[in-house]
Amino acid sequence: SLILKINRDPAILDYIQAGLRLIMSCPSVLELFELLQVEALRLVCERPAPPLCARLCQLLGDFPQCLPRGRKLSLAFCQQLVRSIAHFQSQGTREAELRLYVSQVTQVSALLRSVWKAEPDTLLPSLQELFAVISAADTSFEPSVALASLVQHIPLQMITVLIRSLTTDPNVKDASMTQALCRMIDWLSWPLAQHVETWVIALLKGLAAVQKFTILIDVTLLKIELVFNRLWFPLVRPGALAVLSHMLLSFQHSPEAFHLIVPHVVSLVHSFKRDGLPSSTAFLMQLTELIHCMMYHYSGFPELYEPILEAIKDMPKPTEEKIKLILSQSAWTSQSSSLPSCLSRLSGKSETGKTGLINLGNTCYMNSVIQALFMATDFRRHVLSLNLNGCNSLMRKLQHLFAFLAHTQREAYAPRIFFEASRPPWFTPRSQQDCSEYLRFLLDRLHEEERTLKALSSAKSSESIMTDESQAQEAVHKTQVFTEAPCVGSEERTLIEKMFGGKLKTNICCLNCKSMSQKEEAFTDLSLAFCPPTSVENVDPKCMEHSEVKDDYMVQSNTLATSPAAETTLTNLQVNRGCDTIMNEGAIEDFSSESSSENTTISELKVENNGDMSQSLVGKNTLSVTDLLNYFLAPEILSGDNKYYCEKCASLQNAEKTMQIIEEPEYLILTLLRFSYDPKCHIRRKILDNVSLPLVLELPVKRATSPLAVVSGDWSVDLEISDTGENLAKKLKPSGADEVTCPQLVPYVLSSVVVHSGVSSESGHYYSYARNVTGSGPSGLCHQSTALSLVSPQEKLFTEESPCTVVENELDTEMPREWFLFNDSRVTFTSFQSVQKITSRFPKDTAYVLFYKKQNSTCGFNTNPANGLWVNGDPPLQKDLMDAITKDNKLYLQEQELSARTQALQAASASCSFRPNGFDDNDPPGSCGPTGGGGGGGFSTVGRLVF
């Protein structure tokens, strides 16, 4: 009768407990134990209130003999007790009432722990019951957060097994998983819960590993604000901060989650500061690091971030390297898959954090150039900062491509729109092309387009009569469509001129009358011919037929016109025409019948007049870029078929030609002329000579200091000077003693190298090596003692120290993991040693196009504004660009999820025949591995076997 009254008066349990202590030694107590076992199970099935349940559990804890016996009854008891906890609700809101409620829940969960420990077989069914409760979709019943008290009793060793079982179970629907995860996050509010954050984060990672991104997105957006609000309560702050950090850092496809909590950050920071407790300071430092990571990843919202930056300005800021590491390790796409290893999956960015470019069918020539331009940091930042809203220009498409390369979560991006817009019309689709020719065409198009838009905008604004302020502002906006904080004195120059434009002056002195002609032309790249043989007697005739000799080649310089009336198409600075022709412009020139004989004469003259250079070449196993540049700038004798027409003499005369760089570019682009046409064999040959690449070089620049050097009006002019005597002697003096003609050495650091793999321009493969180089260059790289200096030809044509030796010295200062290898969709870390040794390891892989960045210069482009909003160094993105990237990132996650679900259904029959790493260790970077450098990103097409 006492047992039947338990529901009406819980104090009866105390009476029963006292009676059991008295009759423990009596045989009749066994019958009472059996009766209490049945009654305990009945009682928990009736969902007792917390006070009654707690007293019952206290009784059962003191007298385990009263617990239901047998696996079936014991299991039923545990499951029903879990459901009873789910119905618990606090009866008051005062602190004393809440403390009593928590202690009652703790007593109940402690009993379950003892049962699980005594009978381990009951643990997993109990957890299944727990998941069934929290995943139920019944909106009329909300399970109690008191269930959080059970988590601390689940062995952490079971995390892997349980999470894998939950995330891969096809019977668990997405809606159920979402509901369960949301309720687990609610458990962070339980004051005495332990390990709740561990299980929540483990489940989040498990879902990411099987690409169930829809669940992760929904849960994050639903619960991120609740998790953030838990930071106000010290008891639950550690767990809440751990979950908040994981949710924010892994939600990298969109700023939406971060921006939900941004309005609440400042008040929380101020609260932590007012608190002044050591624990609050420690949490504030962790929160500050998290905020910096998110603002770095989602720059471009100054109106949102300015108050936060002001609030945390006194807190330490993590380094950029640390931020990148945290973000790369936290992304959903970086989570290890818990599926069988034979299941392939779409992967996110590689550990480099860089994005590859998918080969669209022999488009490696474009991909390698785009990656080199993207890694030209100052150029990229200028492009991203342009205000191009409403434009459909090529520059706008380049900005779109750069933005995606910087912010997409895809491993590789398909640049289809940009390719169609930038492909030269004479390039045959899906056939290999010359990357140097493409680069020239691209820069020229961008330059011409900007000049045209500026001219049209200026004309339109001058013709219009604005009557109100809004119209005036609109006109200003249109005229500044392509401008952003330009360099002082260079407002009229285009972005291409600012970044890649230089000036070259050619002097031709008639050896008969000593009159001189000068011509200045702009260039965006210099094409360097290979040095000639030391003497014709030591050269094989076949070699002479296709060797690149400066006197017999067009020395090409990509030029731009600045005068509005001038022709602005890219042209070649023709130094001489001879027997061979460089194929970099895609044209084949006719060869004269007398070219062979004249070749000998020119070479002999060259050796005769430049004996010092020829002697310097003897015994030199490997040429360097320094050698090629010095040869480019060396004086030449124009004779034979190449005689100069002197207007003063009114006849062809022998002449001496010299070239000087009078204005250096921000980025110096050098093309090594490796492709030539053999008229006898009617094939295009490639010079496979290895060329040493200096990490640091100094370019001799003879700046215009006299009135004769000042050019006005047209971009290029011809001047004739008939000075004689002492004045002319000074101008022609070979030494650099005269202060006016002494070149200034401008330091440059190597930024990118485009490599061609193959034996001709019509075949092979292109890939790029590159690193981030800002205006000041990587720290520790520019040392005056180790720079490879280019000096004037009259002073000293070659440095005494071997370039290879100097480079080895420079390698000691190289920063770890500074270089990247961009091979279409594949991006990996590499080193400068790999760049230098590529030709010695793979003879057909040779450096072709080089990008050098001028040191200690940013062209007036402020990369660290005072407001500190450019936390990642790059300017903020326009809203439409950010929206497009966010949309594509979400689409990418959906693609991954769909792929993962499809693969999970086919897991039983899936074969493991793919090579996940793409290339064999023995494959050269330019080889066509299974995913193929030029195979269109691993598409299963015939094109994947072609570069």
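These numbers were taken from a predicted model, which means no experiment stands behind them.

We now examine the overall build of the protein chain. Check the secondary structure of the protein chain and you find 30 helices and 23 strands. The buried share among the 947 residues of the protein chain stands at 54%. Taking as baseline every contact in the protein chain between residues at least 6 positions apart, the subset at least 24 positions apart corresponds to 77%. In the structure as shown, the protein chain presents an accessible area of about 41,200 Å², 53% of it carried by carbon and sulfur atoms.

Our focus in this paragraph is the confidence of the model for the protein chain. In the predicted model, the protein chain carries a mean pLDDT of 74, and 68% of its residues have values of at least 70. The model gives residues 926–947 a pLDDT under 50, and that stretch makes 56 contacts with residues more than four places away or in other chains.

A few words on the packing of aromatic side chains. With the rule as written, the count across this model stands at 17 aromatic pairs. Judged by centre distance (5.6 Å) and plane angle (75 degrees), the rings of Tyr365 and Tyr438 are edge-to-face. Placement of the pair is Tyr365 in helix α16 (residues 364–374) and Tyr438 in helix α20 (residues 435–463), with a sequence separation of 73 residues. Overall, Tyr365 belongs to the buried group, its relative accessible area being 1%.

Moving on to the packing of helix α6 (residues 123–134) against helix α8 (residues 174–186). It is the contact of α6 with α8, at a shortest axis distance of 8 Å, that shows an interaxial angle of 100 degrees. When the axis of α6 is compared with that of α8, the two are roughly perpendicular. On α8, the residues that touch Phe131, Val133 and Ile134 of α6 are Met177, Gln179, Ala180, Arg183 and Met184. Among the residues forming the contact of α6 with α8, the class breakdown is six nonpolar, one polar and one charged.

What follows concerns the nonpolar core. Counting residues in each nonpolar core, the largest one holds 173 residues, and the members touching the most others are Leu147, Leu244, Ile370, Phe379, Phe402 and Phe500. Once residues within four sequence positions are removed from consideration, Phe379 is found in contact with Leu373, Leu398, Phe402, Leu495, Ile496, Met499, Phe500 and Tyr667. Membership of the second largest hydrophobic core comes to 44 residues, among which are Leu628, Leu697, Val701 and Val746.

Let us now look at the pattern of salt bridges. Pairing of side chains with opposite charge becomes possible as their charged atoms draw close. Counted according to the given criterion, the structure contains 25 salt bridges. In this structure, Lys854 and Glu664 form a salt bridge, with 3.2 Å as the shortest nitrogen-oxygen distance. Here the residue Lys854 occupies a position in strand β23 (residues 845–854), and Glu664 occupies one in the loop between β11 (655–663) and β12 (667–672), the gap between them amounting to 190 residues. Here the two residues Lys854 and Glu664 agree in accessibility, since each one is buried. A salt bridge links Asp883 to Lys879; the shortest N-O distance between them is 2.8 Å. Taken together, the residues span about one helical turn, with Asp883 and Lys879 both in helix α30 (residues 879–905) at a distance of four residues.

Bringing unusual backbone geometry into the picture now. Trans peptide bonds make up most of the peptide bonds, and negative phi angles are found at most residues other than glycine. We note that Lys514 has phi near 65 degrees; this positive angle belongs to a residue other than glycine. Residue class for Lys514 comes out partly exposed when judged on its relative accessible area of 35%. Notably, Asp824 is not glycine yet its phi reads approximately 55 degrees, a positive angle. Summarising the element assignment, Asp824 is placed in the loop between β21 (819–823) and β22 (826–830).

This part covers helix α26 (residues 625–633). Counting buried positions along α26 yields nine of nine residues, so the element is predominantly enclosed. Buried residues of α26: Val625, Thr626, Asp627, Leu628, Leu629, Asn630, Tyr631, Phe632 and Leu633, and no others.

The subject of this paragraph is the environment of Ala110. Assignment of secondary structure puts Ala110 in helix α5 (residues 95–118). Between the C-alpha atoms of Ala110 and Gly61, which are 49 residues apart in sequence, the distance is 8.6 Å.

Moving on, we get to α6. Between its first and last C-alpha atoms α6 spans 17 Å; for twelve residues at 1.5 Å apiece the expected length is 16 Å, and the two agree. Burial within α6 is extensive, with nine of its twelve residues counted as buried. Among the residues of α6, Leu123, Pro125, Ser126, Leu127, Glu129, Leu130, Phe131, Val133 and Ile134 are the ones counted as buried. On its buried face, α6 sits against α4 (71–86), α5, α7 (159–168) and α8.

On to the environment of Ser515, then. Locating Ser515 in the fold gives a position in the loop between β3 (502–510) and β4 (516–523). The class of Ser515 is buried, set by a relative accessible area of 4%. As for Ser515 and Cys646, which are separated by 131 residues in sequence, their C-alpha atoms are 8.2 Å apart.

Scanning the model with the defined rule gives zero disulfides in all. Note on Cys510: no disulfide assigned, nearest cysteine sulfur contributed by Cys513 at a separation of 3.7 Å. Look at Cys510 and you get buried, because its relative accessible area is 0%.

The rules we used
- One numbering rule holds for all chains: residues counted from 1, following each sequence as written.
- Whole-chain, interface and lining totals are the exception, using all residues; otherwise, since this is a predicted model, local features are given only for residues with pLDDT of at least 70 and side-chain atom pairs are given and counted only at 80 or more.
- For side-chain calculations, the full set of non-hydrogen atoms in the structure is used, while hydrogens and water are omitted.
- Helix and strand definitions here come from DSSP, where helices need a minimum of 4 consecutive H or I residues and strands a minimum of 2 consecutive E residues; each element is numbered from the N-terminal end.
- Each residue is assigned to one of three classes by its accessible area relative to the maximum for its type, calculated with a 1.4 Å probe on protein chains only: buried under 20%, partly exposed between the two thresholds, exposed over 50%.
- Should any heavy atoms of two residues lie within 4.5 Å, those residues are considered in contact.
- Areas reported here follow the Shrake-Rupley algorithm with a probe of radius 1.4 Å; residue values treat only the protein chains shown as occluding.
- By definition, pLDDT measures how confident the predictor is in each residue, and it falls between 0 and 100.
- A pair of aromatic rings is counted whenever rings of Phe, Tyr or Trp (Trp by its six-membered ring) have centres within 6.5 Å, and the orientation is called stacked for planes under 30 degrees apart, edge-to-face for over 60 and tilted otherwise.
- Note on geometry: axes are C-alpha line fits, over the in-contact stretch for helices, and angles between N-to-C directions span 0 to 180 degrees.
- Should an angle lie under 35 degrees it is considered roughly parallel, over 145 roughly antiparallel, and from 65 to 115 roughly perpendicular; all remaining angles are considered oblique.
- Gly is placed with the polar residues, together with every amino acid not listed as nonpolar (Ala, Val, Leu, Ile, Met, Phe, Trp, Tyr, Cys and Pro) or charged (Asp, Glu, Lys and Arg).
- Here, nonpolar core means buried Ala, Val, Leu, Ile, Met, Phe, Trp, Tyr and Cys residues that are tied together by side-chain atoms lying within 4.5 Å of each other.
- Salt bridges, as used here, are contacts in which a Lys or Arg side-chain nitrogen is within 4 Å of a carboxyl oxygen on Asp or Glu.
- Expected helix span is taken as 1.5 Å per residue step, with the number of steps being one fewer than the number of residues.
- The criterion for a disulfide is a pair of cysteine sulfur atoms lying within 2.5 Å.

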